[in-house]
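Remarks on the overall topology
Here's the letter readout for the chains.
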Amino acid sequence: MNAAPADQIRLLDVQNLDVRLTQLAHRRKNLPELAELQTLEADLTQQRDLLVAAQTEESDTSREQTKAEQDVDQVRQRAARDQKRLDSGAVASPKDLESLQRELASLAKRQGDLEDVVLEVMERREGAQERVRELTSRVEAIQAKVDDATARRDAAHAEIDAEVATVNKERELTVADIPEALVTLYDRIRTKQGGIGAARLYQRRCEGCRLELDITELNDVRAAAADTVVRCENCSRILVRTPDSGL
């Protein structure tokens, strides 16, 4: 393939722009905020799960406390009715009187046991409520960090995307002045060679593969016409000759 020396040199400008685009893509993919968000979101998920468990426990103990208090109230009401019968003198039979007194004693013990249950449930509920408050505070604090990191990530993305747009526009303008066949060859090589399709020959060394050309290769390059598109024998990239090539 043949192309004017100036067009071949402009290909190096395209290569520099493509390198910059690759760097920007790498930067976008590896922003520190991304790793920070990954850690924060994992922590947030864990704390939210703990919060749900604490809220569930608080809800369960609330129902348990209500049930225990209702049981106490039922025993208390029954004891009050029995005590009223006892105080009214309506129970005349000694046997019935003894039975009523035994029942009152039993109800008093039952009420005491149930009140102990209420206290135990209340303690567990207060513990669950404290955990809910603590975990809610943790979740809110982590969420604030997530929001901050997200804002910083989005700002970095916007900055990078703006630069990508600028570089793409500059590349478009640069490519417009280069023969299409040369650009097509360059793009094909660049895809196969890890993003580098054209390299400068500097001081007898290919800047694509960083290898110095041997004497036979140098002689072939020296003998090639100025408009011949030369390829590196080692990496197959387009080798662009400049005044610093050492020929």
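Not measured: the values here are computed from a predicted model. (Residues numbered from 1 in each chain as written. Predicted model: local features only at pLDDT ≥ 70, side-chain atom pairs only at ≥ 80, totals over all residues. Heavy atoms only, no water.)

**Description of the nonpolar core**
- Among the nonpolar cores identified, the biggest contains 15 residues, and L11, I178, L182, Y186, A198, V229 and I238 are the most heavily contacted of them.
- Those elements that place two or more of their residues in this core are α1 (5–29), α4 (180–192) and β4 (238–241).
- Excluding residues within four positions of it along the chain, A198 makes contact with L11, L12, Q15, Y186, I238 and V240.
- Core analysis: the second largest hydrophobic core is formed by 11 residues, L40, A54, L135 and A149 among them. (Core = buried A, V, L, I, M, F, W, Y, C linked by side-chain atoms within 4.5 Å. Buried < 20%, exposed > 50% of the residue type's maximum accessible area, 1.4 Å probe, protein only. Helix = DSSP H or I, 4+ residues; strand = E, 2+ residues; numbered from the N terminus. Contact = heavy atoms within 4.5 Å.)

**Quick notes on the layout of surface pockets**
- Taken as a whole, the largest pocket encloses approximately 170 Å³ of empty space.
- In terms of lining, the largest pocket is formed by L12, Q15, N16, V19, I196, A198, A199, R200, E207, G208 and R210.
- Mapped onto the lining of the largest pocket, the elements with two or more residues apiece are α1 and β1 (198–202).
- Its residues assigned to classes, the lining of the largest pocket comprises five nonpolar, three polar and three charged. (1 Å grid on protein atoms, 1.4 Å probe; cavity = no way out; pocket = protein on both sides within 12 Å on 5 of 7 lines; lining within 4 Å. Points joined across faces, edges and corners; volume = space filled by probe spheres on them. Nonpolar A, V, L, I, M, F, W, Y, C, P; charged D, E, K, R; others polar.)

**So, the pairing of β1**
- Two elements, β1 and β4, share four bridges in a ladder whose sense is parallel. Residue A198 lies in a different strand from β4, and its bridge partner there is I238.
- Bridge count for β1 against strand β2 (residues 205–206) is two bridges, and the pairing is antiparallel. Within the sheet, the bridge partner assigned to L201 lies in β2 and is C206. (Pairing = 2+ DSSP bridges.)

**Re the sheet that holds strand β3 (residues 230–231)**
- Overall, mixed pairing links the four strands, which are arranged β2-β1-β4-β3 in an open sheet. Across the chains shown, the open sheet's two edge strands, defined by having one partner strand only, are β2 and β3.
- Lying on the sheet, α1 is in contact with β1 and β4; it crosses β4 at an angle near 120 degrees. (Axes fitted to C-alpha atoms, helices over the stretch in contact; angles between N-to-C directions.)

**A short note on the side chain of T242**
- Turning to its location among the elements, T242 is positioned in the segment after β4.
- According to the relative accessible area criterion, T242 is buried, its value standing at 18%.
- In contact with T242, not counting residues within four places along its chain, are L12, R200 and L201.

**A word on the environment of R241**
- Relative to the helices and strands, R241 is located in strand β4.
- In the structure, R241 is positioned 41 residues away from R200 in sequence and 6.3 Å away in space, judged by C-alpha atoms.
- Every residue in contact with R241, bar those within four places of it in the chain, is listed here: I9, L201, V221, A224, A225, A226, T228, V230 and L247.
- At a separation of 3.5 Å, a polar atom in the side chain of R241 contacts the main-chain carbonyl oxygen of A226.
- A polar contact is formed between the side chain of R241 and the backbone oxygen of T228, at a distance of 2.8 Å. (Polar contact = N/O pair within 3.5 Å; in protein donor to acceptor, adjacent residues only side chain to side chain.)

**Quick word on the pairing of β4**
- Here β4 shows a buried face lined by I238 and V240 and a second buried face lined by L239 and R241.
- Relative to β4, β3 is paired through two bridges, and the arrangement is antiparallel. Within the sheet, the bridge partner assigned to V230 lies in β4 and is L239.

**Topic: helix α5 (residues 215–223)**
- Three or more residues of α5 are buried, namely E217, L218 and V221. For α5, the buried positions fall inside an angular range of 100 degrees around the axis, keeping them on one side. The exposed residues of α5 that point more than 90 degrees off its buried face are I215, T216 and A223.
- One side-chain oxygen of the residue at the start of α5 lies 3.1 Å from the amide nitrogen of T216, identifying that residue as D214. (Arc of directions from axis to C-beta.)

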